[in-house]
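Residues per chain are reported as follows:
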Amino acid sequence: MRMNKVRTLRIMKMKETNQKIVMLTAYDCFMAKTLDEAGVDIILVGDSVGMTQLGFEDTLRVTLDMMIHHCAAARRGVKSSLLVGDMPFMTYKINEDEALRNAARMVQEGGCEAVKIEGGENFARFTSRIVNAGIPVMGHIGLVPQSVHQLGGYRVQGKEEDDVIRLINDARALEEAGVFSIVIEAVPPSVGKRITESVRVPTIGIGAGPFCDGQVLVINDMLGLTDKKPPHFVKQYANLGNAAKKAVEQYMEEVRNGSFPDEAHCYE
Ligand code: KIV
């Protein structure tokens, strides 16, 4: 349990002081409160909400209004953790004014303290416009799921040296644009290490090995709250999906055989 509010400055300082940053996703008030009370540094309302909660195949159908709805719910559960919200598909790439207007809605209506946007050098100007307006931005490079069709699927990035150089340039461009941290997704550990050593801002890895300054996982994957096979890099710390199924089966049995409600669960 942590007493002090986490802010972006603290996150940046953690790299200097060699403290690992812990980030997890949450999409509703209860889960956000649970993570906040546990002492997670950053809670990300990811656009993975499209798959974990809304039954979509990918993140592309998640809209700004959907994100704001889920961010606002998480906001009501968070006291100390830094709350970051994903800017969804095409809400920050059309022009800089629109990017800023949409980021402002994430803060004002969703209660986010920072936004995350996918993309590197090509999108640095959108990032700096948002940062210059006073909204902290987290970058996201490597496997960027909103570009899944362009990438040809969810595949490991940075396999060739040219790609690694491009990723390092992306990270540097984002740092220059003013991001306070960068998510690196799905690269070999050596690439995660090289990118991490190339920038002063902290990196937060997902499937990017142990050398990043922090780690993030999708909460449904790490708690086993999914019917999909999680990616290879996920460690499942619990199987709450199975536990829920077992509890429901017991309830059904007890309702059907009349043993619930018993005396203890009835008014006098
Ligand atoms: O949407 C999301 O959950 C994310 C994390 C995987 C970093 O972007």
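Residues numbered from 1 in each chain as written. Predicted model: local features only at pLDDT ≥ 70, side-chain atom pairs only at ≥ 80, totals over all residues. Heavy atoms only, no water.

**What to know about the sheet that holds strand β2 (residues 42-45)**
- Read around the closed barrel, eight strands run β1-β2-β3-β4-β5-β6-β7-β8, paired in parallel fashion. The average angle at which neighbouring strand axes cross in this sheet is 25°, direction not considered.
- Pairing between strand β3 (residues 82-86) and strand β4 (residues 114-118): three bridges, direction parallel. The residue bridging V84 from the neighbouring strand is A114, located in β4. (Pairing = 2+ DSSP bridges. Helix = DSSP H or I, 4+ residues; strand = E, 2+ residues; numbered from the N terminus. Axes fitted to C-alpha atoms, helices over the stretch in contact; angles between N-to-C directions.)

**Comments concerning the site of the ligand**
- As a matter of local geometry, the ligand sits amid T25, L44, G46, D47, S48, D86, K116, H140, I206 and V218.
- Here an oxygen atom of the ligand and a side-chain polar atom of S48 are 2.5 Å apart.
- Here an oxygen atom of the ligand and a side-chain polar atom of D86 are 3.0 Å apart.
- Burial of the ligand by the protein chains amounts to 95% of its free accessible area of 260 Å². (Near = heavy atom within 4 Å. Polar contact = N/O pair within 3.5 Å; in protein donor to acceptor, adjacent residues only side chain to side chain. Areas by Shrake-Rupley, 256 points an atom, 1.4 Å probe, with all protein chains shown as cover.)

**Some thoughts on unusual backbone geometry**
- Of note, the amide linkage connecting F260 to P261 takes the cis form, showing an omega dihedral of 0°.
- With respect to the helices, strands and loops of the structure, P261 is situated in the segment after α11 (240-257).
- In the Ramachandran plot, M90 falls in the positive-phi region, its phi being about 65° despite a non-glycine side chain.
- Looking at the element boundaries, M90 is found in the loop between β3 and α5 (96-108).
- What makes M90 partly exposed here is its relative accessible area of 37%. (Buried < 20%, exposed > 50% of the residue type's maximum accessible area, 1.4 Å probe, protein only.)

The values reported here are purely geometric and, on their own, carry no functional implication.
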